[in-house]
Amino acid sequence: MGQSAGFDNQNLQPANDPTEKLCDQVAAEFLVPAESLMRIWNEKASIDYAKRYFKVSPIVIARRALDLGLITKVDFFEFYNAYMQGIQNKKDNQGGGGDFYATARKRISVSFASYVNQAVKQNKLLYRDAYKITGLRGETFQTFVTQHLH
């Protein structure tokens, strides 16, 4: 339409702008056609069921169900708050990832790494080649052989 429009993300309400309202309606009908959602909802009144059918987020289904009068505003915000809390809980419970050096110990056997380190120390193998065959470089190689081989 060649115009900018906004959305009130804080309260999950469209801005008081006719262009934004029209854009929201077009997008909603495109993603989750009213007639189709009504049919699916009559089969099984479930946000999870509908999200799998339409392949959109459960928030999109919940909002569309609210707009079509299939759920109340109270139901919507109960669902929304529980969903957002679930996302936050999942983020809080995720670890920071694996331990690089523990993974390297699994990938490169301790005896092989020790052998490579000895060869480098005895000038039988260049660091360049040690880096290449272990997949470790520079300071990472040094840290691995000095602190993580034992």
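Here, the structure is the one placed above.
Residues numbered from 1 in each chain as written. Predicted model: local features only at pLDDT ≥ 70, side-chain atom pairs only at ≥ 80, totals over all residues. Heavy atoms only, no water.

**Examining the nonpolar core**
Inference 1: Core analysis: the biggest nonpolar cluster contains 16 residues, and Trp41, Phe54, Ile61 and Ile71 have the highest contact counts within it.
Inference 2: Of all the secondary structure elements, the ones that give two or more residues to this core are α2 (34-43), α3 (47-54), α4 (58-67) and α5 (73-93).
Inference 3: With five residues, the single largest contributor to this core is α4.
Inference 4: Sequence-distant contacts of Ile71, defined by excluding residues within four places in its chain, comprise Trp41, Ala62, Ala65, Leu66 and Phe76. (Core = buried A, V, L, I, M, F, W, Y, C linked by side-chain atoms within 4.5 Å. Buried < 20%, exposed > 50% of the residue type's maximum accessible area, 1.4 Å probe, protein only. Helix = DSSP H or I, 4+ residues; strand = E, 2+ residues; numbered from the N terminus. Contact = heavy atoms within 4.5 Å.)

**Quick word on the pattern of salt bridges**
Inference 1: Throughout the structure, instances matching the rule amount to five salt bridges.
Inference 2: In this structure, Glu43 engages Arg39 in a salt bridge whose closest nitrogen and oxygen atoms are separated by 4.0 Å. With Glu43 and Arg39 both in helix α2, this residue pair falls four residues apart, about one helical turn.
Inference 3: Exposure remark for Arg39: the relative accessible area of 42% places this residue in the partly exposed category. (Salt bridge = Lys/Arg side-chain N within 4 Å of Asp/Glu carboxyl O.)

**With respect to the packing of aromatic side chains**
In this description, an aromatic ring pair is defined by two values, namely the gap between the centres and the angle between the planes.
Inference 1: Enumeration over the complete set of coordinates arrives at eight aromatic pairs.
Inference 2: With a centroid separation of 6.1 Å and an interplanar angle of 20°, the aromatic rings of Phe76 and Tyr80 are classed as stacked. In this pair, Phe76 and Tyr80 are both assigned in helix α5, four residues apart and thus about one turn of the helix distant. Here Phe76 and Tyr80 have matching classes, each one buried.
Inference 3: Through pairs of rings, three or more aromatic residues link up here, namely Phe76, Phe77 and Tyr80. (Phe/Tyr/Trp six-rings, centres within 6.5 Å; stacked < 30°, edge-to-face > 60°.)

**Comments concerning the packing of α2 against α3**
Inference 1: One way to put it is that α2 packs onto α3 with a least axis distance of 10 Å and a crossing angle of 135°. Here α3 runs oblique to α2, going by the angle between their axes. For the element pair α2 and α3, the recorded crossing hand is right-handed. Note on element contacts: α3 touches α2 through Ile47, Tyr49, Ala50, Tyr53 and Phe54, opposite Ser36, Leu37, Arg39, Ile40, Trp41 and Glu43. (Axes fitted to C-alpha atoms, helices over the stretch in contact; angles between N-to-C directions. Parallel < 35°, antiparallel > 145°, perpendicular 65-115°, else oblique. Left-handed = near helix turned anticlockwise from the far one by under 90°.)

**Thoughts on α3**
Inference 1: Along α3, the residues classified as buried are Ile47, Ala50 and Phe54. Looking straight down α3, one finds that the buried residues subtend no more than 65° of arc, so they occupy a single side.
Inference 2: Lining the buried residues of α3 we find α1 (18-31), α2, α4 and α5.
Inference 3: For α3, the capping residue at the N-terminal end is Ser46, with a side-chain oxygen 3.3 Å from the backbone nitrogen of Asp48.
Inference 4: Phi turns positive, to about 60°, at Lys55, one or two residues after α3. (Arc of directions from axis to C-beta. Polar contact = N/O pair within 3.5 Å; in protein donor to acceptor, adjacent residues only side chain to side chain.)

**Here we look at the packing of helix α8 (residues 127-134) against helix α9 (residues 138-147)**
Inference 1: Direction vectors running N to C along α8 and α9 enclose 75°, while the axes themselves pass 11 Å from each other. On the basis of their axis angle, the class for α8 and α9 is roughly perpendicular. Mapping the contact onto sequence places Tyr127, Ala130, Tyr131 and Thr134 in α8 and Gly138, Phe141 and Gln142 in α9.
Inference 2: Counted by class, the contact of α8 with α9 contains four nonpolar, three polar and no charged residues. (Nonpolar A, V, L, I, M, F, W, Y, C, P; charged D, E, K, R; others polar.)

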